[in-house]
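Structural overview for review
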Amino acid sequence: MAEPAAQTAFAEEALTHLDTLYRGALRLTHDSDQAQDLVQEAYLRALRYQHSYQAGTNMRAWLFAIMRNLFWDRFKGSRKDDVSLDDLGEFVLYDKLKDEGARPEADVLDKIAASEVVAAVDKLPPLHREVVLLVDVEGFSYKDAADTLGVPIGTVMSRLHRARQQLQKSLYDYAVESGIVRLTA
Amino acid sequence: MRCEECSDKLDRYVDRELNDTEALQVQLHIEGCPDCMDHYEFQDHLKRLVKHSCDCDTAPKAFREKLRQILS
C-alpha cells in the first residue's frame, strides 16, 4: 500500500479526471446511479492498483480503461458481443445535404438541438459509442483511444468511421423528420 | 491533391491525425478549393457539435465529495 501522502496525491490527481469518467459512464449506462456506481468502483480499483500506473503516462486514459472494462464485465458480460452496425454504405451528411440543396450546409447543424445529438450518440452500439466518446468528446488521439480500449489503431479508425456514419444518418433523419431539411421531390 | 483524396483524408485532418506532410497537402488543397474548404468546415463544425452536446454533463457535486472522502 502506498504511503498516505502519496495515496492522497494519487487520489487528488485521479479526481481531476472525474468528469471524463462520469460522462463516459453516463453515456455507456444511460443511468446516473449506475454511472456513479461504476465510477466509484473504478476509482477504488485504481487506488488498489495504483502501483501499476506509471507516473507521467496518461492517467485519464488509464482510469477510463478501468471504468470501461468494469462496464463490460458488469453490464455486458466478459464477451464483447456487441450489436454490429447496419452497413449504411458511405453516408456522408455533408454530401447528402448538398444533394438536397440545403445550403449552407452548416446552418443545418446550428438548428440541431444538443439533446438530439446526445440521443444519436446514445443510439450507437456501446463498442462504437465509446470510440466517439474518447475521440470526439474527450479529444483522445487515435493511439490513446487504442491503448484505452486495448485494440489496434486500425480498429479505432474503422469503428470511428462506422460510428460517425451512423451518427450522421441519425442526425439527417432527425433533420428531415423535424422539417429542418425539406426533401426535394 | 485531388478532391477525392482530400475528402478521404478529411476526418483524419479534422482529428489532427495526419502526419505533417499529409496535413500540409490537405491544408494547401482546401485553401485553394472552396468546395473542399466548405466540406472541411462542415466536418469540423460537426465534431465540435458532438463534443459540446456531450461534454456538458459533469459529476454531481455530492458524488465528487463522497468520492473524495472514500479515497482519502
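Residues numbered from 1 in each chain as written. Chains lettered and ligands numbered in written order. Predicted model: local features only at pLDDT ≥ 70, side-chain atom pairs only at ≥ 80, totals over all residues. Heavy atoms only, no water.

The next point concerns the domain arrangement of chain A. Interface size is commonly expressed as the accessible surface area that is lost when the partners come together. All names here are of chain A. Assigned domains of chain A: these are domain 1 (4-75) and domain 2 (93-177). Computed over C-alpha atoms only, the centres of domain 1 and domain 2 are separated by 25 Å. In this assembly, 14 residues from domain 1 lie in contact with 15 residues from domain 2. Across the interface of domain 1 and domain 2, roughly 1,300 Å² is buried in total on both sides, 58% from carbon and sulfur atoms. Area buried by domain 1 at its contact with domain 2 is led by Arg 27, Phe 64 and Arg 68, which between them contribute 38% of it. Linking domain 1 with domain 2 are four salt bridges. (Domains from an automatic or database assignment. Contact = heavy atoms within 4.5 Å. Buried area = accessible area lost by both parts, 1.4 Å probe. Salt bridge = Lys/Arg side-chain N within 4 Å of Asp/Glu carboxyl O.)

Moving on, we get to the packing of helix α3 (residues 32-48) of chain A against helix α4 (residues 61-71) of chain B. It is the contact of α3(A) with α4(B), at a shortest axis distance of 11 Å, that shows an interaxial angle of 25 degrees. Our classification of the angle between α3(A) and α4(B) gives roughly parallel. The handedness of the crossing between α3(A) and α4(B) is right-handed. Of the residues in α4(B), those in contact with A:Gln36, A:Val39, A:Gln40, A:Tyr43, A:Leu44 and A:Leu47 of α3(A) are B:Phe63, B:Lys66, B:Leu67, B:Ile70 and B:Leu71. Tallied by class, residues from the contact of α3(A) with α4(B) come to eight nonpolar, two polar and one charged. (Axes fitted to C-alpha atoms, helices over the stretch in contact; angles between N-to-C directions. Helix = DSSP H or I, 4+ residues; strand = E, 2+ residues; numbered from the N terminus. Parallel < 35°, antiparallel > 145°, perpendicular 65-115°, else oblique. Left-handed = near helix turned anticlockwise from the far one by under 90°. Nonpolar A, V, L, I, M, F, W, Y, C, P; charged D, E, K, R; others polar.)

Moving on: the pattern of salt bridges. When the charged atoms of two side chains with opposite charge come close together, those side chains can pair. Residues and elements named next belong to chain A. Counting across every chain of the model gives 20 salt bridges over all chains. When the shortest N-O distance is used, the salt bridge between Arg 68 and Glu 130 registers 2.6 Å. Here Glu 130 lies in helix α8 (residues 126-137) and Arg 68 lies in helix α4 (residues 59-75), a separation of 62 residues in the sequence. In terms of burial, Arg 68 and Glu 130 fall into one category: buried. (Buried < 20%, exposed > 50% of the residue type's maximum accessible area, 1.4 Å probe, protein only.)

Once that is clear, we can look at the interface of chain A and chain B. Of the residues lining the interface, 43 residues belong to chain A; the matching set on chain B comes to 29 residues. Buried surface at the junction of chain A and chain B, summed over both partners, amounts to about 3,400 Å²; 64% is from carbon and sulfur atoms. Linking chain A with chain B are six salt bridges. With a shortest N-O distance of 3.0 Å, B:Arg68 and A:Glu12 are connected by a salt bridge. If you list the elements that add at least two residues to the side of chain A that touches chain B, you get α1 (4-15), α2 (18-29), α3, α5 (93-99), α6 (105-110), α7 (114-122), α8 and α10 (153-177) of chain A.

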